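Fold and geometry: a report
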Amino acid sequence: MNVLGIETSCDETSAAVVVDGVQILSNVVSSQIELHRPYGGVVPELASRNHLLLIDSVIQEALTKAGLTLDKIDAVAATYAPGLASSLLIGLNAAKGLAFALNKPFIGINHLEAHLYSPLIGEPDALPMVSLIVSGGHTILVHATGIGQHRILGQTIDDAAGEAFDKVAKLLKLGYPGGPEIDKLAKSGNARAIDFPRSMLTDQSYNFSFSGLKTSVLYYLRKPPNTATTPDICASFQEAAVDVLVGKTIRAAEEYRVKTISASGGVSINSRLREKLTGECQQRGLRLLLAPAHLCTDNAGMIAALAYHKSPSDFSLEVAPSIGLGVAA
Ligand code: KG4
Ligand code: ZN
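So, here's what we can say about the structure. (Residues numbered from 1 in each chain as written. Chains lettered and ligands numbered in written order. Predicted model: local features only at pLDDT ≥ 70, side-chain atom pairs only at ≥ 80, totals over all residues. Heavy atoms only, no water.)

Per the secondary structure count, the chain includes 11 helices and 10 strands. For 329 residues, the compact-globule formula gives about 20 Å, and the C-alpha radius of gyration of the chain, at 20 Å, lands near that figure. Residues counted as buried form 52% of the 329 residues belonging to the chain. Within the chain, contacts between residues separated by at least 24 positions form 74% of all contacts whose residues are at least 6 apart in sequence. When the accessible area of the chain is evaluated, it comes to approximately 14,000 Å², of which 53% is carbon and sulfur surface. Taking the average place of the 27 positive charges on the side chains of the chain and the average place of its 31 negative ones, the gap between the two points comes to 5 Å. (Helix = DSSP H or I, 4+ residues; strand = E, 2+ residues; numbered from the N terminus. Rg over C-alpha atoms; globule rule 2.2 N^0.38 Å. Buried < 20%, exposed > 50% of the residue type's maximum accessible area, 1.4 Å probe, protein only. Contact = heavy atoms within 4.5 Å. Areas by Shrake-Rupley, 256 points an atom, 1.4 Å probe, with all protein chains shown as cover. Lys, Arg positive; Asp, Glu negative; His and termini not counted. Charge placed at Lys NZ, Arg CZ, Asp CG, Glu CD.)

Shown next, in the form of structure tokens:
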């Protein structure tokens, strides 16, 4: 079954063709990072206007790279939630229009669920697992027992992990998006230079909080003697964030007695997070599933892959900008 997937929930215009949920024939991502860089964040009006300009050519490129014409597409899927309303609308309506014209099923996909299952593409035996979804907008710890069967164990009560990386990078006057910049600079810094707080690490819940950590960086920068170098601040901040993310994920894996841990979303590319998760999993004989970087940031490949496992949606499905992952146990 050839699924054409479309993703426009934020600032990436993406289309992909995936066969039977596993074989990614094409996964075209047109990033708008350069467009939004001068503003230090995503400007919704610019994002949706650009999705509209790009959507047709991105879909065409995905088909060309897959070596298929539209008549070989068996279903059309698109992200319907969560994300920026005006951006979601472009991809969702493109998918509905194509599916209707082709007389094929249309499948609406929850973006967070697609992140959750992205490390499982081609790994059907990995479930049950404890999974950490860490992106610019979300930080969620999940116990997944099957595709479409998952329970949220905890999530952030304020900033998402990626949001904290981006905001701290802004404080340090680094580029946008900040996560990759901090990751790069931290490599030459001392992670023990500053003892930033590990918020909620030792409490009983699986919730997270990153707003206090971000504020601690702000106070450090304001108050002399603040002599640490930018790489030292990056490394110390990153270490604090990673300690909490890894600590809670490992504790959940032990409590729920799973043999597999996975991480997904843009922040899961972070090299220190990957290194620390790898070490902790090796020590405990746990299997760690991490998707390749191009499947961690927003992309339509994960949308088309998950759609293979889903039933068709009604054409009346609307965008749902602020729903979360939901509980589907
Ligand atoms: O999943 P994603 O592409 O979009 C959302 O759905 O939000 O994640 C984007 C986030 C941004 O906050 C970005 O700074 C962060 O992922 N990110 C990273 C790294 N690469 C991307 N954060 C830390 N380290 C990285 N290497
Ligand atoms: Zn995302």
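Moving on: the sheet that holds strand β10 (residues 287-290). A sheet is described by the order of its strands in space; here five strands give the open sequence β8-β7-β6-β9-β10, paired in mixed fashion. The two strands at the open ends of the sheet, each matched to only one other strand, are β8 (149-155) and β10. Across the sheet, the axes of successive neighbouring strands diverge by a mean angle of 20°, strand direction being ignored. Seen against the sheet, helix α9 (residues 271-284) touches β6 (129-134), β9 (260-264) and β10 and runs at an angle of roughly 160° to β10. (Pairing = 2+ DSSP bridges. Axes fitted to C-alpha atoms, helices over the stretch in contact; angles between N-to-C directions.)

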